[in-house]
Number of protein chains: 2
Amino acid sequence: MTPDPGLASWLQLTLTPGLGTATIRGLLTQFGLPENVIGAPRAELARFAPREALNALGSEAVAKEVERAMAWLERPGNSVVTLADAAYPRLLLEIPDPPALLYCRGRTDLLNKHALALVGSRNATAQGMSSTEQFARSFSAAGLTIVSGLAQGIDAAAHRGGLAGEGSTIAVLGTGVDIAYPRSNAALADEIAERGLLLSEFPLGTRALAHNFPRRNRLISGLAQGCLVVEAALASGSLITARAAADQGREVFAVPGSIHSPLSKGCHALIKSGAKLVESAEDVLSELGAFRRTGFASTRAPANAPAPPAPAGGADEPLLDCMGFDPVDVDSLCARARLPAEKVSAELLRLELAGRVAVLPGGLYQRLN
Amino acid sequence: MTPDPGLASWLQLTLTPGLGTATIRGLLTQFGLPENVIGAPRAELARFAPREALNALGSEAVAKEVERAMAWLERPGNSVVTLADAAYPRLLLEIPDPPALLYCRGRTDLLNKHALALVGSRNATAQGMSSTEQFARSFSAAGLTIVSGLAQGIDAAAHRGGLAGEGSTIAVLGTGVDIAYPRSNAALADEIAERGLLLSEFPLGTRALAHNFPRRNRLISGLAQGCLVVEAALASGSLITARAAADQGREVFAVPGSIHSPLSKGCHALIKSGAKLVESAEDVLSELGAFRRTGFASTRAPANAPAPPAPAGGADEPLLDCMGFDPVDVDSLCARARLPAEKVSAELLRLELAGRVAVLPGGLYQRLN
């Protein structure tokens, strides 16, 4: 298909050296669409952008880059998504520094699905990778898109698991989206471009540069409602992603491990500072349920749940009798059981540990048997 | 030594079948000392205790039990501590159901030391037991008394580690204190009676009865400022102890492990419901530091400590310079060092762990080298 010619202006703006995402957003706010920015008098532009960058804006070099990108866009599966597109990820608009333009290979429909970032060590253990893939399969089967960074180890396992289900997967690259990095994951990258989505904010052809990766991490967390770290050493880049997630108001999750394993220390540090401990996919899904219900109001189901059934009677657990089999919150239970919240909570914990009660999203409890 | 004859009345009251701890406390509140209870008119007593129990109170059978206990008390190392004794653990007075009388073998001076409950699975892994013993050694070296339940596995490792340091250890039994249970820990029990403390609220000769153990667990947690669980399955008795600790307002700590290990599931459940994740002894000590400073106001020495000597100069530890070599309390140290209490406590803990500072009774600290 022929790309929208307006895209050339978006590309010209974003490919100009010296125009950062903040400057570009400032210019767009001031002048409107990129073609308006480009057509504005130089003197006016100079109030909002460095002169050097403005010189580059109309340069031959930038024009060549734009041409190259436009040619790339002609090839099937390739696209760019700009701040002005409906396909632009709504969650990214919440972060402080959203890129003006995303280079995409694959399914841009994934950009606005419910998503979970799943990251961890490149030097993961075999068990860590196996757990990751199983987690990712469960999330994907539940409809969550798995976002990760295409690194070896945990990232790759996360993508593989994501591809196995309907949630699929997004790989956010620290290189150009046309660069196979790391080489060892080239086949995986092709598969993701085919059935998932490869994404990058960096211009085509951008090679692996160390300083781009931490910057990239804010998109991994930014695209998702939560961030799960499976194995991470204390100095791991995964902790940068987790910190970005927390800063962005996302839920942070971490999988614990042996206190003697260096690859658990990062996860333990996260749990100590407030991340949710995760043993199973359900731990994450139940937590994100709340996000789902509140994060995307349009998809919210009506809240008028049916009234609880009459107590079953005769059981040896008075609190279970009060619960019925419909989800119920602690306050209602306290009222029904005429017990203080502390006591009810303690009882609920015991019943939960005994496998008789499940915790649902939104602080609801449900009797299981 | 000859035991206090008043003890016979305490024993008579507590050895009477049908008089539970709550009833006994009610009677003591009403009538004063046990001898007053025993001497009170039956009709008056009947308002506060079941008639059957009152019939038993003066019975031959109870008199025989008292005699037997008095004979046991003659033997070296044996003692009982009653609610009226100064040696009665102050922390136990805070729990809802403190026993009226404790049977003791060994060092009753341990009953009012800073203490940590350390519990876990009987079927622990080798690594779990090794970690436990190392943790317990560190705590004991820092002056914390290790409280546990003399079970196989984690409990036994906790006691062994406790015995290695100055904090020593208390084993709270679910049997009579004269019963070796489990048999496999008989030698350990003797060592604890020798250098630590064996303790039980159950009458001498009480054999292992399943329902006594959960009840016993409230004393393990009640005697300590915090409770650390090392390895525990979901249905573990250790979780009962941890829950008792939480109910008693104690800090709960848990050591994480692999999500694939059944012995970590209990610890993970605790962390999910608010327990602190513990990777090292320091994690616990830094948390309990606050307890130490505030927990024992009554025993605190007057604050007018002698003026500090001039700084030794040239040392790499400014706080040590402020300390001098005389015992000093935290408040004075804060003033001298011009640092907030939090910072000083953290520093003191570090110095304590480094063996450079000792904690003295009454919240005083002393420089060692």
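Cut-off values and rules
- Residues numbered from 1 in each chain as written.
- Chains lettered and ligands numbered in written order.
- Predicted model: local features only at pLDDT ≥ 70, side-chain atom pairs only at ≥ 80, totals over all residues.
- Heavy atoms only, no water.
- Helix = DSSP H or I, 4+ residues; strand = E, 2+ residues; numbered from the N terminus.
- Expected span 1.5 Å × (residues − 1).
- Buried < 20%, exposed > 50% of the residue type's maximum accessible area, 1.4 Å probe, protein only.
- Arc of directions from axis to C-beta.
- Contact = heavy atoms within 4.5 Å.
- Salt bridge = Lys/Arg side-chain N within 4 Å of Asp/Glu carboxyl O.
- Polar contact = N/O pair within 3.5 Å; in protein donor to acceptor, adjacent residues only side chain to side chain.
- Pairing = 2+ DSSP bridges.
- Axes fitted to C-alpha atoms, helices over the stretch in contact; angles between N-to-C directions.
- pLDDT = per-residue confidence, 0-100.
- Parallel < 35°, antiparallel > 145°, perpendicular 65-115°, else oblique.
- Left-handed = near helix turned anticlockwise from the far one by under 90°.
- Nonpolar A, V, L, I, M, F, W, Y, C, P; charged D, E, K, R; others polar.
- Phe/Tyr/Trp six-rings, centres within 6.5 Å; stacked < 30°, edge-to-face > 60°.

With that out of the way, let us pick up helix 7 (residues 126-141) of chain A. Residue and element names in this part refer to chain A. Its 16 residues place the ends of helix 7 23 Å apart at the C-alpha level, agreeing with the 22 Å of an ideal helix rising 1.5 Å per residue. The complete set of buried residues in helix 7 reads Gly-128, Ser-131, Thr-132, Phe-135, Ala-136, Phe-139 and Ser-140. Taken end-on, helix 7 shows its buried residues confined to a sector of 165°, consistent with a single buried face. Residues of helix 7 that are exposed and point over 90 degrees away from its buried face: Ala-126 and Ala-141. With its phi angle positive at about 95°, Gly-143 sits one or two positions after the end of helix 7.

Taken together, the 21 residues of chain A in the interface contact 22 residues of chain B. Between chain A and chain B we count four salt bridges in total. B:Lys272 is paired through a salt bridge with A:Asp283; the nearest N and O atoms lie 2.7 Å apart. Where chain A meets chain B, there are eight residue pairs in polar contact (both at pLDDT 80 or more).

Take the sheet that holds strand 9 (residues 276-277) of chain A next. Spatially, nine strands are ordered 1-2-6-5-4-3-7-8-9 (chain A) in an open sheet, and the strand pairing comes out mixed. Across the chains shown, the open sheet's two edge strands, defined by having one partner strand only, are strand 1 (78-82) and strand 9 of chain A.

What follows covers the sheet that holds strand 6 (residues 197-200) of chain B. Residues and elements named next belong to chain B. The sheet built from nine strands is open, its strands ordered 1-2-6-5-4-3-7-8-9 with mixed pairing. The outermost strands of the open sheet, each flanked by one partner alone, are strand 1 (78-82) and strand 9 (276-277). Where strand 3 (residues 115-119) meets strand 4 (residues 145-148), three bridges bridge the pair, whose relative direction is parallel. Residue pairing across strands places Ala-115 opposite Thr-145, the latter belonging to strand 4. In the packing of helix 6 (residues 60-74) onto the sheet, contacts are made with strand 1 and strand 2 (101-106), and the angle to strand 1 comes to roughly 120°.

Looking now at the pattern of salt bridges. Under the counting rule described, the total for this entry stands at 32 salt bridges over all chains. The partner of B:Glu251 in a salt bridge is B:Lys276, and the shortest N-O contact between them spans 3.5 Å. Taken as a pair, B:Glu251 in strand 8 (residues 251-254) and B:Lys276 in strand 9 lie far apart in primary sequence, 25 residues in all. One continuous salt-bridge network, built from bridges that share partners, spans A:Arg25, A:Asp97, A:Glu201, A:Arg215 and A:Arg218.

Our next topic: the confidence of the model for chain A. Of the residues in chain A, 89% reach a pLDDT of 70 or more, and the chain-wide mean stands at 87. Long-range and interchain partners of residues 291-315 of chain A, a stretch whose pLDDT sits below 50, account for 30 contacts in this model, where long-range means more than four residues apart.

This brings us to the packing of helix 10 (residues 212-222) of chain A against helix 11 (residues 237-247) of chain A. All names here are of chain A. Across the interface, helix 10 lies against helix 11 with an axial gap of 8 Å and an inter-helix angle of 50°. Overall, the two elements helix 10 and helix 11 adopt an arrangement that is oblique. Like other packed secondary-structure pairs, helix 10 and helix 11 cross with a definite hand, here right-handed. Here helix 10 contributes Pro-214, Asn-217, Arg-218, Ile-220 and Ser-221 to the contact with helix 11, which in turn contributes Gly-237, Ile-240, Thr-241, Ala-244 and Ala-245. When grouped by side-chain class, the residues that make up the contact of helix 10 with helix 11 number five nonpolar, four polar and one charged.

The next thing to look at is the packing of aromatic side chains. Two aromatic rings are characterised by how far apart their centres lie and by the angle between their planes. All names here are of chain B. The final tally for this structure, using the stated rule, is eight aromatic pairs over all chains. Both rings, one in Trp-72 and one in Tyr-103, keep their centres 6.2 Å apart while their planes meet at 70°; by these two values the pair is edge-to-face. Of this pair, Trp-72 sits in helix 6 while Tyr-103 sits in strand 2, and the two are 31 residues apart along the sequence. A ring pair is formed by Phe-135 and Phe-139, whose centres lie 6.1 Å apart and whose planes are at 10°; its orientation type is stacked. With a gap of four residues between them, Phe-135 and Phe-139 both fall in helix 7 (residues 126-141), about one helical turn apart. Per residue, the accessibility class of Phe-135 equals that of Phe-139, and both read buried.

Residue A:Pro182 is reached from A:Tyr181 by a cis peptide bond, and omega for that bond is -5°. Positive phi outside glycine occurs at B:Arg338, with the angle close to 50°. If you trace the backbone, B:Arg338 turns up in the loop between helix 15 (330-337) and helix 16 (341-353).

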